[in-house]
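Given next are the chains, with one letter for each unit.
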Amino acid sequence: MKDTYILGIESSCDETSVSIVKNGTEEIATVVSSQIDIHKDFGGVVPEIASRHHVKNVTMVLEECMSKANMSIEDVDAIAITYGPGLIGSLLIGLETAKTLAFVYNKPLIPVHHIAGHIYANSLVKPMEFPLLAVVVSGGHTELIEMTDHYKFNKLGGTLDDAIGECYDKVARVMGLEYPGGPKLDKLAMEGKPTYKLPVPLKDDSYNFSFSGLKSAVINLAHNEEQRGNPIREADLAASFQKVAVEAIITKSRKAIIDKGIKHMILAGGVAANKILRAAMEDLAKELDVDFTVPPMKYCTDNATMIAAAGYFAYLDGRRADMTLNSKSQDELR
Ligand code: KG4
Ligand code: ZN
């Protein structure tokens, strides 16, 4: 069978990225230009600044990727683009680039949901087996998604308030850690013990999550200790927070695996880089005898490799967009 090459473009937040992936499983070349250093001083991503940097970077990133792959746009079969969800100004830069390429080179345009991208980062590791449970944990999402086949998504549940990554970042900020705080909190937790008592969020029978109560509990605890003049044992607080947050994900994932007869569980999204979560998910998979995949670190945070991989399966599913495709800041995974 003829090989299929998909060019992917991602610009939904603060990473400008272009990648070429062969048959949805093999990375040919990827370039990621991150703006973390630019937004660090503001304690989070500033949308207006992010889109301006995407404009500045996108052509260079595209050219660098094509030269790394030693290919030209004529050689690719389709252009896959993150149309949403994300920051609207950022999304638009990638989208207009993708539309221009698709129009000029007469290539099919494949719309990719950002979360489908995070999920399909796993197809670069191992073929998917169905029914599959995707545990999506990122800065904007915390969701359990059942897949009965490629591109057949059924959302079982999600967060009722904050996403887990958002919660990590806010807790980290209170502890004086630089943006993005998630990875730094993860590292700090390794040095501590979970000695602080924190509330376990949403202990119910649903597949939903709630992280805002946990976030407030950590913030209140830190402030109260400060007012009493008690020094906070930061590593212990990080470990305590992490234990409860991870436990919530594990409990609901366990329920979904059992209820839905899941064969393959995958972890997806930026928080999939979290060491304790990865280890706890691995243990859960062993306990319930299901396959488990987690992307390597470089495919966990935003990148276009995952968009090109998802784009391949969307292409096979017959998904196409025309020049009227618009960016969406919010959209359900379908
Ligand atoms: O998927 P992503 O790159 O962006 C979204 O689509 O939201 O995820 C970014 C999130 C941030 O909240 C960041 O703090 C978190 O992933 N993150 C981590 C770790 N690495 C990244 N959170 C906890 N532990 C980590 N090691
Ligand atoms: Zn993401």
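The structure this text deals with has already been given above.
Below, the structure is looked at part by part.

Conventions adopted
- Residues numbered from 1 in each chain as written.
- Chains lettered and ligands numbered in written order.
- Predicted model: local features only at pLDDT ≥ 70, side-chain atom pairs only at ≥ 80, totals over all residues.
- Heavy atoms only, no water.
- Helix = DSSP H or I, 4+ residues; strand = E, 2+ residues; numbered from the N terminus.
- Rg over C-alpha atoms; globule rule 2.2 N^0.38 Å.
- Buried < 20%, exposed > 50% of the residue type's maximum accessible area, 1.4 Å probe, protein only.
- Contact = heavy atoms within 4.5 Å.
- Areas by Shrake-Rupley, 256 points an atom, 1.4 Å probe, with all protein chains shown as cover.
- Lys, Arg positive; Asp, Glu negative; His and termini not counted.
- Charge placed at Lys NZ, Arg CZ, Asp CG, Glu CD.
- Pairing = 2+ DSSP bridges.
- Axes fitted to C-alpha atoms, helices over the stretch in contact; angles between N-to-C directions.
- Donors = N, O, S within 2.8 Å, 3.2 Å for Na, K, Ca; no water.
- Near = heavy atom within 4 Å.
- Polar contact = N/O pair within 3.5 Å; in protein donor to acceptor, adjacent residues only side chain to side chain.
- Nonpolar A, V, L, I, M, F, W, Y, C, P; charged D, E, K, R; others polar.
- Right-handed = clockwise from strand over helix to strand, strands pointing away.
- Parallel < 35°, antiparallel > 145°, perpendicular 65-115°, else oblique.
- Left-handed = near helix turned anticlockwise from the far one by under 90°.
- Phe/Tyr/Trp six-rings, centres within 6.5 Å; stacked < 30°, edge-to-face > 60°.
- Salt bridge = Lys/Arg side-chain N within 4 Å of Asp/Glu carboxyl O.

Looking only at helices and strands, the protein chain features eleven helices and ten strands. Scaling as 2.2 N^0.38, a compact globule of 334 residues should have a C-alpha radius of gyration of about 20 Å, and the protein chain matches this with 20 Å. Dimensions of the protein chain along its principal axes, counting C-alpha atoms only, are 65 × 45 × 30 Å. Per-residue burial for the protein chain yields a buried fraction of 57% across its 334 residues. Looking at the protein chain alone, contacts between residues at least 24 apart form 73% of all its contacts between residues at least 6 apart. When the accessible surface of the protein chain is split by element, carbon and sulfur atoms take 51% of a total near 14,300 Å². Here the protein chain contributes 35 positive and 44 negative side-chain charges, whose respective centroids are spaced 3 Å apart.

Let us now look at the sheet that holds strand 4 (residues 78-84). Strand-to-strand pairing in sheets goes through backbone hydrogen bonds, with the strands running parallel or antiparallel. Across the sheet, which stays open at both edges, the five strands sit in the order 3-2-1-4-5 with mixed pairing between neighbours. In the strand order of this sheet, the two ends are held by strand 3 (26-34) and strand 5 (109-113), each with one partner. Pairwise comparison of adjacent strand axes, ignoring direction, gives a mean angle of 20° for this sheet.

Around the zinc ion (ligand 2), the protein contributes the donor atoms His-114 (NE2), His-118 (NE2) and Asp-302 (OD), at 2.0 to 2.1 Å from the metal centre. Sequence positions of the residues that donate to the zinc ion (ligand 2) give the spacing H-x3-H-x183-D. Of the two residues, His-118 is situated in helix 4 (residues 114-120) and Asp-302 in the loop between helix 10 (297-300) and helix 11 (304-316); the sequence distance between them amounts to 184 residues.

Let's shift gears to the site of ligand 1. Surveying the vicinity of ligand 1 reveals 18 residues, the closest of which are Gly-139, Asp-169, Asp-186, Gly-270 and Asn-274. In this structure, Asp-186 approaches ligand 1 through a side-chain N or O atom, which is 2.9 Å from a nitrogen atom. Isolated, ligand 1 exposes 560 Å² of accessible area, and the fraction of that covered by the protein chains is 88%. Across the shell around ligand 1, the residue classes break down as four nonpolar, eleven polar and three charged.

Buried residues dominate strand 4, accounting for seven of its seven residues. Pairing between strand 4 and strand 5: five bridges, direction parallel. Among the inter-strand pairings, Gly-84 is bridged to a residue of strand 5, identified as His-113. One crossover worth recording links strand 4 to the parallel strand 5 by way of helix 3 (residues 88-105), and it is right-handed.

So, on to the packing of helix 2 (residues 47-69) against helix 3. One way to put it is that helix 2 packs onto helix 3 with a least axis distance of 7 Å and a crossing angle of 25°. One element, helix 2, and the other, helix 3, form an angle in the roughly parallel class. For the pair helix 2 and helix 3, the sense of crossing is right-handed. Touching Pro-47, Ala-50, Ser-51, His-54, Val-55, Val-58 and Leu-62 of helix 2 are Gly-89, Ser-90, Ile-93, Thr-97 and Leu-101, all from helix 3. For the contact of helix 2 with helix 3, the class distribution of residues is seven nonpolar, five polar and no charged.

Turning next to the sheet that holds strand 7 (residues 142-149). Taken together, the five strands give an open sheet; going across it, the order is 8-7-6-9-10, and neighbouring strands pair in mixed fashion. Strands with a single pairing partner mark the edges of an open sheet, and in this sheet they are strand 8 (152-158) and strand 10 (291-293). When the angles between neighbouring strand axes are averaged without regard to direction, this sheet yields 20°. Judged from the six bridges that link them, strand 6 (residues 132-137) and strand 7 form a sheet pairing that is antiparallel. Following the sheet pairing, Val-136 is matched in strand 7 by Glu-143. Of the strands in this sheet, strand 6, strand 9 (264-268) and strand 10 are in contact with helix 9 (residues 275-288), which crosses strand 9 at around 175°.

What follows deals with the packing of aromatic side chains. In this structure the tally under the stated criterion is six aromatic pairs. A ring pair is formed by Phe-209 and Phe-211, whose centres lie 6.0 Å apart and whose planes are at 15°; its orientation type is stacked. Each member of the pair Phe-209 and Phe-211 is classed as buried. An angle of 85° between the planes, with centres 5.0 Å apart, marks the rings of Tyr-312 and Phe-313 as edge-to-face. An identical accessibility class is assigned to Tyr-312 and Phe-313; each is buried. Chaining the aromatic ring pairs together yields one cluster made of Tyr-120, Tyr-151, Phe-153, Tyr-312 and Phe-313.

Along the chain, the position of Asp-14 falls in the loop between strand 1 (5-10) and strand 2 (15-22). Buried within the structure, Asp-14 lacks any salt-bridge partner; its nearest side chain of opposite charge belongs to Lys-184, at an N-O separation of 11 Å. Setting aside chain neighbours within four positions, we find Asp-14 in contact with Ser-33, Ser-34, Gln-35, Ile-36, His-39, Val-45, His-54 and Tyr-179.

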